[in-house]
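# Breakdown of the fold
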Amino acid sequence: MTVPYDKTFAQKLLHDMLRIRRMEEKCAELYGAQKIRGFLHLYIGEEACAVGALHALAPGDNIVATYREHGHALVRGVPMDAIMAEMFGKSAGCSRGRGGSMHLFDAATRFYGGNAIVGGGLPLAAGFGLADKLQKRQAVTAVFFGEGAMAEGAFHESMNLAALWQLPVLFCCENNLYAMGTALARSEAQTDLCAKAASYAVPTLKADGMDIVAVHEAMKLAARHVRDGLGPFFLELQTYRFRAHSMFDPELYRDKAEVEEWKTRGPLHTFSARLKAESKLTEEEFLALDARANAEVQASVDFAEAAPWEPVEDLLKDVVTPPSPSIPLPPAGEGSNPPPSPARGRGAGGEGPP
Ligand SMILES: Cc1ncc(C[n+]2csc(CCOP(=O)(O)OP(=O)(O)O)c2C)c(N)n1
Ligand SMILES: [Mg+2]
């Protein structure tokens, strides 16, 4: 299929995938240098999903993502400087350095995380959808999650309420076949994710998540459905991560040959090749786009390095709320936990669990 976009838009899609790839390659390097600490989950290989999907949404739409969300934040418009500073834990970061890699957040672009809990974004998305429906805002809430989240109760509860109340939520599952080291077929009786979602009477669609055109077209269709007030939609993007789950993963659960096979379908080189074959990209243009992406990454690292650390005396700010003078404190003794009653305690009458 020919690429149904003009040269400018097609190159924009390619450039955004390059920006994510180069930013994350640099993050992996900075992790080794201990500039970035804590958890770090790379999206390398899956870039077509975030780029294709987010370019089908409007600025007033809400985005909720997982801990593998650096690319979603970037394409949504969170400045790379603010993302990189967040990775470094600097207060110039988009979550003031308090969140790190897994908790990127930016209300200005309606990017509502960055959620470390598997499935944690799903109820939030249902809440955004409910709020928009009650306020008669014609917005879509797009929630991204891995196939591992579909085993969580939060997925089923959110799907059920979204369908029951016909909420404007676009459920976007990035199925990369593994949840940490667990393959889908080892943990799920029903491996057809669309069949699972369809049990909530929600329309579903599968798309090739390695093909940015397929992702973008599927997402446009899904977003139109939701925006037209027809209720929620479930989209499965079939994709693959090329790197480890996080920075601590010996990858004993999959063959190297499988990874190499998926790499032949890598979204960057396949899309570049298509654009070149259709005279929408030259090698010089590719190199220029790549150089721009690398320059943006280097500038963001310089920014993060130069940014100051949060002063030590501020570290408890926003952690503990100071007591409000308008709410009197309870007299000493009240409000604390009562001592356990001997009648309820174990050993009193031999009751209670062992
Ligand atoms: C509720 C909960 N259980 C377990 C974990 C530990 N955990 C972190 S990532 C992950 C795998 C999730 O896989 P998937 O949803 O497929 O997303 P992917 O990492 O493949 O993008 C697990 C089990 C967690 N963060 N939250
Ligand atoms: Mg997964």
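Quick look at the structure, then.

Reading the values: the criteria
Residues numbered from 1 in each chain as written. Chains lettered and ligands numbered in written order. Predicted model: local features only at pLDDT ≥ 70, side-chain atom pairs only at ≥ 80, totals over all residues. Helix = DSSP H or I, 4+ residues; strand = E, 2+ residues; numbered from the N terminus. Buried ≥ 20, exposed ≤ 12 C-beta atoms within 10 Å, placed from the backbone. Contact = placed C-beta atoms within 7 Å. Right-handed = clockwise from strand over helix to strand, strands pointing away. Pairing = 2+ DSSP bridges. Core = buried A, V, L, I, M, F, W, Y, C linked by C-beta atoms within 7 Å. Near = placed C-beta within 6 Å. Nonpolar A, V, L, I, M, F, W, Y, C, P; charged D, E, K, R; others polar. Axes fitted to C-alpha atoms, helices over the stretch in contact; angles between N-to-C directions. Parallel < 35°, antiparallel > 145°, perpendicular 65-115°, else oblique. Left-handed = near helix turned anticlockwise from the far one by under 90°.

A few words on the overall build of the chain. The helix and strand inventory of the chain stands at 12 helices and 7 strands. With the C-alpha coordinates of the chain rotated into their principal frame, the extents come out at 80 × 50 × 50 Å. Each of the 354 residues in the chain was classed as buried or not, and the buried ones make up 41%. Relative to all contacts within the chain whose residues are 6 or more apart in sequence, the contacts with residues 24 or more apart total 73%.

As a further point, take the pairing of strand β3 (residues 169-175). The buried count for β3 comes to 7 of 7 residues, which makes it a mostly enclosed element. Burial along β3 is two-sided: the residues Val169, Phe171, Cys173 and Asn175 and Leu170, Cys172 and Glu174 are all buried. Handedness of the strand β2 (residues 141-146)-helix α6 (residues 153-164)-β3 crossover: right-handed. Two strands pair when backbone bridges link them, and β3 and strand β7 (residues 233-238) are joined in this way by 6 bridges, in the parallel orientation. Each bridged residue has a counterpart across the sheet, and for Cys173 the counterpart in β7 is Glu236.

In this structure, Ile83, Val143, Leu170, Phe171, Cys172 and Leu235 are the most contacted members of the largest nonpolar core, which totals 84 residues. Look past the residues within four positions of Phe171 in its chain and what remains in contact with it is Val143, Met159, Ala197, Pro232, Phe233, Phe234 and Leu235.

On to the site of ligand 1. Residues in contact with ligand 1 amount to 13 residues; listed here are only the nearest, Val118, Gly146, Gly148, Ala179 and Met180. Taken together, the residues of the shell around ligand 1 break down into 7 nonpolar, 4 polar and 2 charged.

This paragraph deals with the environment of Glu47. Here Glu47 is to be found in helix α2 (residues 47-54). A sequence separation of 191 residues divides Glu47 from Gln238, and the C-alpha atoms of the two residues are 12 Å apart. If we skip the residues at most four places from it in the chain, Glu47 touches Met17, Ile20, Arg21, Gly71, Pro267 and Leu268.

Turning our eyes to something else, we now look at the packing of α2 against helix α9 (residues 212-227). It is at 8 Å that the axes of α2 and α9 come closest, and there the two elements cross at 40 degrees. The pairing of α2 with α9 is recorded here as oblique in orientation. For the crossing formed where α2 meets α9, the hand is right-handed. Residues Ala48, Cys49, Val51, Gly52 and Ala53 of α2 form the contact with α9, whose participating residues are Ile212, Val215, His216 and Met219. Looking at the contact of α2 with α9 residue by residue, the classes come out as 7 nonpolar, 2 polar and no charged.

Further remarks concern the environment of Asp290. As for its position among the elements, Asp290 is in helix α12 (residues 283-306). The spacing of Asp290 and Arg22 is 268 residues in sequence and 8.3 Å in space, taken between C-alpha atoms.

Next up on the list: unusual backbone geometry. Positive phi values are uncommon outside glycine, yet Arg110 reaches one of about 60 degrees. Tracing the backbone through its elements, the reader meets Arg110 in the loop between α4 (80-88) and α5 (121-134). Overall, Arg110 belongs to the buried group, with 20 C-beta atoms counted inside 10 Å. Not every positive phi belongs to a glycine, and Leu177 is a case in point at roughly 75 degrees. Take Leu177: there are 18 C-beta atoms within 10 Å of it, and that puts it in the partly exposed class.

It is worth spelling out the sheet that holds β2 at this point. Ordered by their spatial adjacency, 5 strands build an open sheet running β1-β2-β3-β7-β6, and the pairing between neighbours is parallel. Two strands close off the open sheet at either side, each with one partner strand: β1 (62-64) and β6 (204-208). Across the sheet, the mean angle from the axis of one strand to that of its neighbour is 20 degrees, orientation sign disregarded. The pairing of β6 with β7 spans 5 bridges and is classified as parallel.

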